[in-house]
Each structure stands twice: as C-alpha cells, then as structure tokens.
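Descriptive analysis of the structure
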Amino acid sequence: MWRLKIEKRLSYNKWLDYFVPVASMVLALIAGSFVFLINGANPFEAYKEMFVGAFGDGYAWSETLVQATPLLFTGLAISLTLRTLLWNIGAEGQFFMGAMAATWAAQYFSQQPPWILIPLLMLSAMVAGGLWGLPPAILKTKLKVNEILTTLLLNYVAIFFVNYLLYGPWKDPMYPGFPQTPRYPDAAILTQYFNTRLHTGILIGLVVAVILYILYKKTGWGYKIQVIGQSRKTAKYAGIRVNRNIIRVLVISGAIAGLGGMLQISGLQHKLRLGGISNNYGYTGIIVAFLANGNPLAVILVALFMGALIVGGDSLQITMGFGKGVVHMFEGMVLFFILAGESLKRYKLRWVKHG
Amino acid sequence: MKPYVELKYITKRFPGVLALDAVNFNVMPGEIHALLGENGAGKTVLTNILSGRYDLNEGEIFIQGERIDPSKWSARAALDRGIGMVYQDFMLVEEHTVLENIALADLSIPFIPDFDQIRKTIADFGTKYQLDVDPDAKIWQLSVSEKQRVEIIKALMHGSKILIMDEPTAVLTPQEADELFKIVKKLAKEGTSIIFISHKLPEVFEICDRITVLRKGEYIGTVNVADTNEKDLAKMMVGREVFLQTEKAKYKPGLPVLVLKNISALSDRRIKALNNLSLTVHESEIFGIAGVSGNGQKELAEVITGLRPITNGNIHVNGNDITENTPRKAIKEGIGHIPDDRIGMGVVPDLGMPKSMVLKNYKESRFSFKGIFLKKAEITNYTKKLIKKFNIKTSGMSSPVKLLSGGNLQKVILAREISEEPCMMVAVHPTQGLDIGATEFVRDTLEKQRVDGAAILLISEDLEELMAVSDRIGVIYEGEIMDIMLTKDTTIEDLGLKMTGGSHVAA
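Since we're looking at a predicted model, the values are computed, not measured. (Residues numbered from 1 in each chain as written. Chains lettered and ligands numbered in written order. Predicted model: local features only at pLDDT ≥ 70, side-chain atom pairs only at ≥ 80, totals over all residues. Heavy atoms only, no water.)

1. Considerations on the overall build of chain B
When its secondary structure is counted, chain B shows 18 helices and 22 strands. Since a compact globule built from 507 residues should have a radius of gyration of about 23 Å, the 24 Å found for chain B is in line with a globular shape. The C-alpha extent of chain B, read off along each of the three principal axes, is 70 × 55 × 45 Å. A buried classification covers 53% of the 507 residues belonging to chain B. Each charge class in chain B can be summarised by its mean position, and for the 63 positive and 70 negative side chains these summaries are 6 Å apart. (Helix = DSSP H or I, 4+ residues; strand = E, 2+ residues; numbered from the N terminus. Rg over C-alpha atoms; globule rule 2.2 N^0.38 Å. Buried < 20%, exposed > 50% of the residue type's maximum accessible area, 1.4 Å probe, protein only. Lys, Arg positive; Asp, Glu negative; His and termini not counted. Charge placed at Lys NZ, Arg CZ, Asp CG, Glu CD.)

2. A closer look at the packing of aromatic side chains
Applying the stated criterion to the full structure yields 16 aromatic pairs over all chains. Between the aromatic rings of Tyr108 of chain A and Phe109 of chain A, the centroid separation amounts to 5.1 Å while the plane-to-plane angle is 80°, which identifies the pairing as edge-to-face. Owing to a relative accessible area of 58%, Tyr108 of chain A belongs among the exposed residues under this scheme. For Phe109 of chain A, a relative accessible area of 24% puts it in the partly exposed group. Three or more aromatic residues joined by ring pairs form one cluster here, namely Phe36, Tyr47 and Phe322 of chain A. If you follow Arg83 of chain A out to its NZ or CZ, it ends over the ring of Tyr216 of chain A, 4.3 Å from the centre. One residue, Lys375 of chain B, lies across the ring of Phe369 of chain B, its end atom 4.7 Å from the ring centre. (Phe/Tyr/Trp six-rings, centres within 6.5 Å; stacked < 30°, edge-to-face > 60°. Lys NZ or Arg CZ within 6 Å of the ring centre and 35° of its normal.)

3. Describing the nonpolar core
Phe36, Leu121 and Met262 of chain A are the most contacted members of the largest nonpolar core, which has 139 residues in total. Of all hydrophobic cores here, the second largest spans 49 residues; its members include Leu172, Ala177, Ile183 and Val184 of chain B. (Core = buried A, V, L, I, M, F, W, Y, C linked by side-chain atoms within 4.5 Å.)

4. Quick notes on the domain arrangement of chain B
Residues and elements named next belong to chain B. You can read the domains of chain B as domain 1 (5-238), domain 2 (254-334 + 423-431 + 451-507) and domain 3 (341-421). On a C-alpha basis, the centres of domain 1 and domain 2 stand 34 Å from each other. Each partner contributes to the interface: domain 1 provides five residues, whereas domain 2 provides nine residues. Here domain 1 meets domain 2 over a buried area of about 570 Å², counting both sides, of which 58% is carbon and sulfur. On the domain 1 side of the contact with domain 2, Thr173, Pro174 and Gln175 bury the most area, a combined 55% of that side's loss. At the surface where domain 1 touches domain 2, the tally comes to zero salt bridges. Applying the counting criterion to the domain 1 and domain 2 interface returns zero residue pairs in polar contact (both at pLDDT 80 or more). (Domains from an automatic or database assignment. Contact = heavy atoms within 4.5 Å. Buried area = accessible area lost by both parts, 1.4 Å probe. Salt bridge = Lys/Arg side-chain N within 4 Å of Asp/Glu carboxyl O. Polar contact = N/O pair within 3.5 Å; in protein donor to acceptor, adjacent residues only side chain to side chain.)

5. Regarding the sheet that holds strand β12 (residues 272-282) of chain B
All names here are of chain B. One open sheet holds the four strands; their spatial order is β12-β11-β14-β15, and the pairing between them is antiparallel. Lying at the two open borders of the sheet, with one neighbouring strand each, are β12 and β15 (320-321). Looking at chain direction, strand β11 (residues 256-266) and strand β14 (residues 312-317) are connected through five bridges and run antiparallel. Looking across to β14, one finds that Ser264 is bridged to Asn312. (Pairing = 2+ DSSP bridges.)

6. Describing a positive patch on the surface
Together, Arg241, Arg244 and Arg248 of chain A together with Arg328 and Lys363 of chain B make up a region of like positive charge exposed at the surface. With respect to the secondary-structure elements, Lys363 of chain B resides in the loop between α12 (353-357) and β17 (368-369). (Patch = residues over 30% accessible without salt bridge, like charges linked within 9 Å, V, L, I, M, F, W, Y side chains within 5 Å. Areas by Shrake-Rupley, 256 points an atom, 1.4 Å probe, with all protein chains shown as cover.)

7. Description of helix α15 (residues 436-451) of chain B
Residue and element names in this part refer to chain B. For α15, built from 16 residues, the straight-helix expectation of 22 Å at 1.5 Å per residue is met to within 8% by its first-to-last C-alpha distance of 22 Å. Of all 16 residues in α15, 12 are buried; the element is thus mostly enclosed. Among all positions in α15, only Ile436, Gly437, Ala438, Thr439, Glu440, Val442, Arg443, Thr445, Leu446, Glu447, Gln449 and Arg450 are buried. Along its buried surface, α15 packs onto α8 (230-238), β13 (285-290), α14 (406-419), β19 (424-428), β20 (455-459) and α16 (463-469). At the C-terminal side of α15, Gly453 shows a positive phi close to 105°. (Expected span 1.5 Å × (residues − 1).)

8. Description of the interface of chain A and chain B
Contacts between chain A and chain B engage 25 residues on the former and 35 residues on the latter. Both sides of the chain A and chain B interface together cover about 2500 Å² of buried area, and 57% of this is carbon and sulfur. Taken together, the connections running from chain A to chain B amount to one salt bridge. Linking Asp341 of chain B and Lys233 of chain A is a salt bridge whose minimum nitrogen-to-oxygen distance equals 2.8 Å. Inspection of the chain A/chain B interface yields 14 residue pairs in polar contact (both at pLDDT 80 or more). Those elements giving two or more residues to the side of chain A that touches chain B turn out to be α7 (201-218), α8 (220-230), α9 (232-237) and β2 (347-353) of chain A. The element that contributes the greatest number of residues to the side of chain A that touches chain B is α8 of chain A, accounting for six residues.

9. Brief notes about the domain arrangement of chain A
Residue and element names in this part refer to chain A. Each assigned domain of chain A is listed here: domain 1 (1-41 + 323-355) and domain 2 (65-321). Contact residues are listed per partner, giving 13 residues for domain 1 and 12 residues for domain 2. Between domain 1 and domain 2 the total buried area reaches about 1100 Å² when both faces are included, carbon and sulfur atoms providing 79% of it. There are zero salt bridges connecting domain 1 and domain 2. Joining domain 1 to domain 2, the criterion identifies zero residue pairs in polar contact (both at pLDDT 80 or more). When residues of the side of domain 1 that touches domain 2 are traced back to their parent elements, those giving at least two are α1 (14-38) and α13 (324-342). When residues of the side of domain 1 that touches domain 2 are assigned to their parent elements, the largest contribution, nine residues, is made by α13.

10. Observations concerning the pairing of β12 of chain B
Residues and elements named next belong to chain B. For β11 and β12, the ladder comprises seven bridges, and the chain directions are antiparallel. Across the sheet, the residue bridging to Ala265 is Leu274, located in β12. Linkage of β11 to β12, two consecutive antiparallel strands, is achieved through a turn of five residues, within which Arg270 is found at a positive phi near 65°.

11. Observations concerning the environment of Leu446 of chain B
All names here are of chain B. Here Leu446 shows up in helix α15. According to the relative accessible area criterion, Leu446 is buried, its value standing at 2%. For the pair Leu446 and Thr222, spaced 224 residues apart in the sequence, the C-alpha separation amounts to 35 Å.

Okay, here's the thing in structure tokens:
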C-alpha cells in the first residue's frame with residue numbers, strides 16, 4: 001500500500017517561489033472549470049471571456065489597472081506590517097478614513113489651486129489613516145492587546161462613521177434622496193488618461209511600492225523592522241526599541257491605506273457615496289500582501305492579477321450571463337488553490353510504501 | 001548472550017547530508033552502552049531511527065534476533081518492542097499531577113483509568129529502582145531531577161527493555177547525577193538496557209559497560225570501558241589530540257568594571273529571582289557563576305545586559321551609573337552578551353551571515369550613510385573578514401544562519417560580540433551543547449579577551465568548565481550569591497554542595 005506523507009523541506013529552493021504559484025494557478029483553472037461545467041458552460045470559452053475582459057484591449061487593461069490601484073495600496077500597507085509580523089486587518093477602515101479626510105479637505109480648502117489642493121488631500125488622508133492605526137499600536141505596545149482584533153473592530157467604527165456623515169451632515173443638499181456628498185471641486189480631481197477611468201493613483205502606487213522596496217532592502221530601518229519581524233527577542237537583545245518601531249509600522253501602514261482611500265475618491269469616484277468607497281479592498285489587500293510574501297514589487301503583480309480577476313469576473317457576468325455567485329465561487333477557488341499551494345514551499349508530499 | 005537490539009549498516013541521508021554512513025550498533029540485555037560523539041556525529045539521528053522517529057535509507061534492524069521490516073518500523077512499533085526514550089526536554093504536562101502524566105503514558109489506557117493500580121505501580125518502581133516521586137505532586141512543583149524520574153517511570157510503564165537517555169546529566173547537579181547513576185545501575189542490574197548519550201567522558205567511565213563512538217556520521221568503533229581511557233576516546237571522537245585544559249595567563253585583576261550593589265529583580269512569573277545580590281568583576285578577570293539552573297542566573301545576565309529592570313540596588317560599569325539599564329545603554333557602555341538561547345536571541349534565524357554580524361553596529365558610519373542607507377559592500381567585506389578570522393564553516397554567506405551547526409553559530413555570535421571590543425562580557429552557557437573542538441575554541445576566545453583586559457562574567461552549569469576557566473567563582477542559590485571563592489581554593493564537590501544551599505547546612 002502506498003501512503004502520502006507530509007515532510008518538512010529541509011532546504012529552501014528559490015525556484016519553488018515561482019513554480020508553486022504557477023502550478024497552483026493551473027490547478028485552480030482546472031478545478032474552476034468544473035464550476036463552469038456544472039453551470040452548463042464551456043470552461044475554455046469562459047476563460048477566454050475572462051482573459052479578454054481583463055486584458056483583451058486597451059480599455060480592458062485600463063479597467064484592470066483601475067481595480068488594481070486600491071489593492072496596490074492596501075496590499076502595500078499590509079506588506080509593511082507583515083514584514084514586522086503584525087497583522088493589520090484594519091486597512092479597510094483606514095482606507096475609509098483616508099477617503100473621508102480627503103473629502104473634508106476638498107471642501108475646506110476648495111478655493112486652492114490643484115497643485116496645493118491635491119497634496120493637501122493626500123496629506124490629510126495619510127494623517128487620518130495613520131491616526132486610525134495609532135490606537136491599535138498603542139494598545140498593542142502598552143497593554144499587549146492583540147492588534148488583529150483592534151484593527152478589525154476599528155473598521156466598523158470607520159465604516160459606520162462615514163455612513164453617518166453621508167446620511168447626515170455631509171449629505172449633498174442638491175440630492176436629498178441619496179447618501180452621498182457633493183462632487184469634489186475640479187481642482188481636487190486627479191487626471192484621467194486615454195479617455196478611460198485610469199487615473200494618476202496607479203503611478204503614485206508604483207512610486208510607493210518602489211519607496212518601500214528601497215526602504216526594506218537598502219536602509220537601516222528596513223533591516224531593523226525585519227529583525228523585529230523575525231525575532232522580537234533578538235531585536236530587544238540588539239538594543240532595538242521594539243515598541244517604538246511597532247507603533248511606527250502600524251501608523252505608516254495606516255497612512256498608506258488612507259492614501260489609497262483618497263486616490264480612489266479623488267481619482268475615480270469624485271465624491272463620497274454609500275457603497276462607492278471600497279469594494280472590500282482592505283480585506284483583499286491581506287491576500288495580496290500574503291501572496292506577495294511581503295515583497296512590495298510582488299505586490300504590484302499580485303494586485304494586477306487580483307484586479308484582472310475582478311474585471312474578468314465582471315465581464316463573465318455580462319457576456320455569459322452568469323450570476324455573481326458563480327463568478328465569486330470561481331474567484332474563491334483560485335485563491336484557495338494559491339493559498340494552499342503556499343504550504344508546499346515549506347512542506348513536500350512524498351509517496352511512501354507502507355505495509 | 002544475544003543482543004537485544006542490533007542495528008546493521010544503518011545509512012541515513014538528508015538532502016545534501018549523509019547523516020549516518022553504514023553505522024553498526026548493538027545493545028546487550030542489562031548493558032549500559034554509551035553513544036559518544038561530537039555534535040553532528042549522528043548520535044541523535046541513530047537513536048531517532050532506533051526509536052522509529054526517522055525512516056532509514058539502508059540497513060537492517062534486528063530485535064531479539066528477529067529482522068524488522070523497515071517499512072513497518074514506527075515510533076509506535078518501537079514502543080511496542082520495548083524501546084523507550086527519556087527525553088532531554090521533558091514531555092510532561094506541567095499543570096497535571098505525576099500520576100496523571102504517568103497514566104497518560106500508558107498506551108492501552110482505558111476510558112476510565114484505574115488510578116489505584118497506577119499508583120501502586122509507581123510505588124513499586126519507587127522501591128525497586130529508588131525512583132521515588134510523589135504521585136500527587138503537580139509537575140511544575142518538581143525539581144529537574146524529579147521530572148527526569150517521572151520520564152523514566154513513564155518509559156518503564158511501557159515495559160521498555162531499552163531506555164535511550166539523551167544527555168540526561170546536562171541539567172543535573174553532581175549530587176543529582178550521582179542519584180541518577182544509582183538508578184541507572186539498578187535498572188541495568190534488573191535487565192533493562194540503557195543507551196547513554198553524553199559529552200562527558202568521566203561519567204561515561206563511571207557507569208557504562210561499552211562505548212560506541214561516531215564521528216561525522218561514521219562508525220568509528222565500539223570498545224569496552226575496561227580496555228580504554230579518556231585520552232584515547234577523545235581522540236576517537238575528534239580524530240586528533242585535544243587539549244581542553246586552557247592555558248591560563250597569571251591572575252592579575254585590574255580595576256573594577258562591573259559593580260552590582262544589592263540588586264533585586266523579579267522573574268517572568270513576577271517572583272523574586274534576584275535577592276539583594278552584590279558582586280564585582282574586574283579587568284582581566286573571569287568571574288564564574290555556579291548554580292543549579294533556575295536560581296537566578298538567567299535574570300542576573302538579563303539585568304546586566306539591560307533586558308530586565310531591577311527593583312532595587314544599583315549597577316555601575318566603569319564608574320558610570322546604569323541602574324536604569326536598557327539594552328541600548330548596556331551596548332553603549334561596552335557590555336557584550338553571549339546569550340544561552342543562541343538561535344532565539346543571539347541571531348535572527350532566517351537572516352544570512354552579513355546581517356547577523358552587524359546586528360548591533362549597523363548604524364556605525366562604516367556600515368551605513370548617516371545610519372540610513374546600509375553600505376552593503378562594506379558589510380559583506382567585514383563579514384568575510386570575520387568568517388576567516390573565526391574560521392566559521394558555512395555553505396554560503398547568505399544562507400540562513402539557522403542552518404549552521406551549533407559550534408559555527410556560536411562562532412558567529414562570538415565574532416560579533418568580540419569585534420565590538422567590549423570591556424565587559426556576559427557569557428551564558430557559552431559551550432553548552434557544543435562539541436569538543438568548538439568548546440576549546442570558545443574557551444580560548446574568552447581567555448584571549450581576559451588577557452586583553454576585558455571583564456568576563458561566565459555563567460555555566462558545567463562545573464569543570466568553571467573550574468578550568470574562571471579566576472573566581474560565585475555560587476548563586478535562590479537569587480543570592482552564597483559564597484565567592486578563588487577557583488584555586490575550591491573543588492567541584494564543594495561547589496556542588498554550595499549550589500544546593502548546602503553551605504547553610506554545613507555552617
């Protein structure tokens with residue numbers, strides 16, 4: 001009799017970093033085809049539709065990039081905490097707070113020219129997002145409260161607070177029936193390119209990714225947070241002020257997520273609108289950061305992939321008439337395979353003869 | 001007489017490593033058989049194969065003359081065939097009683113155990129083998145040697161015919177070790193075989209019948225204790241002559257470097273761990289701390305290196321007050337630290353050598369521009385220099401340091417700490433678990449530091465090491481320094497007695 005045995009890999013193979021995700025993807029597509037078969041569709045056709053929907057022409061590409069932009073920010077925000085072995089589940093709330101603060105600034109400084117107003121929006125969004133990361137950071141370092149819970153719970157506070165503003169004091173008096181703010185002044189709106197919805201946000205996201213990459217790889221601070229992330233005990237031993245740096249990391253992470261929120265509104269939505277702020281970007285960002293293994297350059301690729309999955313899924317709904325459920329089922333399957341494949345980097349399966 | 005267990009031509013490969021190369025090993029009934037070898041020699045791998053934890057690649061296992069099908073050999077099968085293991089790090093449930101822990105070891109335990117029966121069995125073992133232990137005590141209340149006895153009883157409960165003991169005396173005082181030897185001898189006399197893994201030659205000579213020596217996975221030979229001596233054995237283990245006796249320069253202490261005055265501190269459990277402790281370490285002096293583990297050694301090292309705040313007293317280094325100590329302050333004052341938890345505290349396990357070497361000094365201008373951008377090339381060069389100077393063996397500079405052997409890992413830590421030219425060095429169990437070659441190196445390095453004028457506080461459980469290396473020895477007991485003696489005025493027996501609080505009794 002043969003039996004499958006799980007063994008820990010004793011050595012680390014670099015090629016697995018590339019092979020495993022690709023193999024997982026292929027398996028996911030094979031498994032996902034059953035979803036389409038059950039629903040009476042030709043899986044090849046469905047995949048073709050998805051691919052064409054996400055990458056088929058310039059417009060498809062632009063939509064994929066538009067979807068990837070907020071994920072780039074939440075993914076980068078979370079990659080920073082991942083490196084320090086902290087879990088920021090609060091990117092969603094920080095994203096909301098960033099969007100809110102930007103909206104406030106857009107109204108308050110509405111008379112300013114764009115070259116002053118846009119940086120002001122960015123700054124206020126980063127401050128708001130960062131402040132939203134601060135209470136969990138303080139609770140974590142002073143009282144050892146688990147940051148997973150505090151960051152998660154603050155999401156609800158942020159979301160409901162923004163909802164309150166939309167239904168109450170910030171509601172657009174011109175459209176009293178809709179929970180939304182007035183449109184941003186033109187000076188607060190980012191340029192959109194090629195007659196598509198693609199906006200400057202993606203460029204800023206790429207810059208942030210490169211800055212983080214340099215920070216991680218080239219600087220003393222990047223080294224410091226890496227030490228903290230891998231061994232708190234060693235960090236303390238080496239004289240690194242662990243708590244101070246944990247606070248910094250959570251606040252900077254919040255600021256990056258907050259900036260993502262601002263760009264989403266200023267670049268795409270142009271007003272705060274109920275249901276039009278975040279499409280669970282803060283949560284999907286966790287997966288993005290995890291799949292990218294905390295590497296900011298890999299976050300770019302993974303965010304693009306996730307964006308394509310969203311856009312391709314949307315186009316499936318339109319062209320093949322699938323319900324939302326079928327598309328989500330497929331997307332879930334893809335993620336499941338990729339996440340499961342992750343463990344194969346550390347463990348291997350081996351057939352052993354038994355009995 | 002037929003051997004109870006016979007291993008023939010056992011070969012075990014790990015990826016890229018030949019851990020065992022056609023090793024032979026057999027154990028007679030009622031025999032105490034030592035398994036000797038340096039770290040990485042393959043002793044643990046061999047016992048793991050015997051106890052069914054590892055598969056083997058080639059070779060044969062015979063139990064009572066019967067050939068065992070390797071594919072059916074498992075941890076459970078080994079237990080069923082009477083091969084028991086006394087773990088070095090005890091596998092006991094701390095919050096449960098001795099009785100409950102022992103009941104748990106019985107594999108055929110019914111849903112409702114017959115505790116009276118188990119109680120009786122424990123009592124029987126107690127009288128038969130001098131394995132006395134209170135069945136109703138909670139594990140956490142027991143001393144280390146009592147826990148060890150519980151482990152032995154657990155193994156006997158399976159009806160073990162062979163007990164594998166992996167460095168059982170590493171955690172014991174000399175007196176406790178003597179107790180253990182009595183038990184082991186009694187067990188052997190009643191027919192149980194013992195496989196005794198040890199680094200310490202004297203105890204091997206004291207209790208063992210035969211000795212099998214492994215070196216780098218190779219089988220070197222099996223000898224009768226009666227036919228050999230320590231010098232020959234050491235040569236078999238290392239493959240060359242060794243001189244563990246460090247050449248010591250004359251003891252000429254300089255000015256005081258570290259002055260601890262009436263310090264008290266709490267343990268992690270918020271119990272008083274250091275109690276009004278005072279001591280002074282001078283330039284060019286190695287001050288040894290002897291004590292049974294858990295008497296405040298860990299806390300003492302942490303207080304000096306700034307990892308633990310003190311509740312009372314004061315600390316001075318070279319006349320500077322560092323009573324409000326932090327790791328940063330301690331490093332700035334030139335206090336080096338060789339921690340006992342090498343992998344958990346001394347390094348970041350997944351980082352490569354360069355990043356491990358500059359852990360404490362990466363901010364210096366030679367390694368970074370204004371402390372912001374790291375100078376990769378300089379760090380790499382520096383690392384290369386240290387690797388050469390300390391003769392560190394590595395498969396590649398950037399491979400994670402956790403893959404290094406214990407000795408080489410300790411060299412990385414030593415290299416880093418010594419390169420900072422500390423005026424004060426706190427070394428905690430610096431040779432624990434290291435093979436003879438690496439031990440020799442560590443001791444020589446400390447001696448060189450001493451000659452160069454550093455003050456060294458050496459915390460060790462190895463009394464022979466303390467006697468060989470230290471100038472003065474302080475005995476720590478329940479957080480207090482019981483006595484401070486010149487090494488030349490004391491003996492191991494005397495230290496052993498004082499470590500257990502014996503000086504009170506004697507006085």
